Every structure is written in structure tokens, then in C-alpha cells.
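Fold and contact review
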Amino acid sequence: AGSWQVGDANMAAIGRGPGQRTRGSGKGRKVRRVISAGGRGIAGQLNLTLGAWPGVKIRPMFGRWGYFVAGQLFACYPLREKDTDLWIHLALGDQARALKSPGIRPHRRFAGKGWVECRVESPGELAQAVHWLRRSYEVVRGLAGQEGR
């Protein structure tokens, strides 16, 4: 038998032998290609728009593009083209105003923390969403500036 290495021991601990892959380490090529291309469709447009804002970092995380400013997540959008739910983190007052806008609803799990979601399937819907994205960005960036004082 061949020699075991640390990685092989980890694999054995989850019930796999040397050289066997764990679930999730195979496939995923479409997602990796989308990440390397910087996004496709609406996600690509969103990445171009938000990436032009000062201090914005865009990172893939948990099947979504994460949009950060000053190390804080202020929005996220799916990597897959068929998913279209944009999540935006707003101050509670802004959240209340946003929920009066057509197409914006409370986030299914994080509404109590100021998150809202909306479908963004076309450039017109993206233009509407940018207003709330800008508001979220400004609030998070402003809070980071206050903490730095």
C-alpha cells in the first residue's frame, strides 16, 4: 500500500479512501468559469457598476457575489444566471422606505437586521436597484469612517 499523507487521513476521517474526492470538489466548472469571467448577464453588469465605486471589493461567497466596502457586506447577488434575487443590507429606516417600493420585499431570513431582496432580471430593474445599493454602500462606508475616528 502507498504512504498516507495528512490529506489522506482527513479523507479517511470522512469515510473516503486515498485519491477519492469529496462531494463538491468535482464539477462546478460553470461556476468557476463565471467567477473567472467576472460574472455573466446581470451579475456581470452589477459587478462592473459596483466595482467602479471607491473601496468596493467583490468576492464570490456561498454561491453569490458578495459586495463589500470597508470589510462589511452590503449586498450580494447569485453567481448562477438563472437566479436573480439581489440582497441589500439597509439601515432600518431605509429598509422601511425601500419596502414601500414595488418589487422590494423583506429578506426571508434577515429582515430583522435590515436586509431586503428584489428580483433583478433586466437592465431596467438593475437601474432601480442601484438607488438602494448606493444607499446601502453610503451608510456602510459612513459607519466605517466613524469607527476609524
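Scroll up to find the structure this text is about.
The following paragraphs examine the structure supplied in this document. (Residues numbered from 1 in each chain as written. Predicted model: local features only at pLDDT ≥ 70, side-chain atom pairs only at ≥ 80, totals over all residues. Heavy atoms only, no water.)

The buried count for strand β6 (residues 115–119) comes to four of five residues, which makes it a mostly enclosed element. Pairing between strand β4 (residues 85–89) and β6: five bridges, direction antiparallel. The residue bridging Ile88 from the neighbouring strand is Val116, located in β6. Bridge count between strand β5 (residues 104–106) and β6: three bridges; the pairing is antiparallel. Counted as the bridge partner of Pro106 is Val116 from β6. (Buried < 20%, exposed > 50% of the residue type's maximum accessible area, 1.4 Å probe, protein only. Helix = DSSP H or I, 4+ residues; strand = E, 2+ residues; numbered from the N terminus. Pairing = 2+ DSSP bridges.)

It is worth spelling out the pairing of strand β1 (residues 56–61) at this point. Regular strands have side chains that alternate between both faces of the sheet. Bridge count for β1 against strand β2 (residues 64–69) is six bridges, and the pairing is antiparallel. Paired with Lys57 across the strands is Phe68, a residue of β2. Count of turn residues in the β1/β2 antiparallel hairpin: two residues, of which Phe62 carries a positive phi of about 50°.

The values reported here are purely geometric and, on their own, carry no functional implication.
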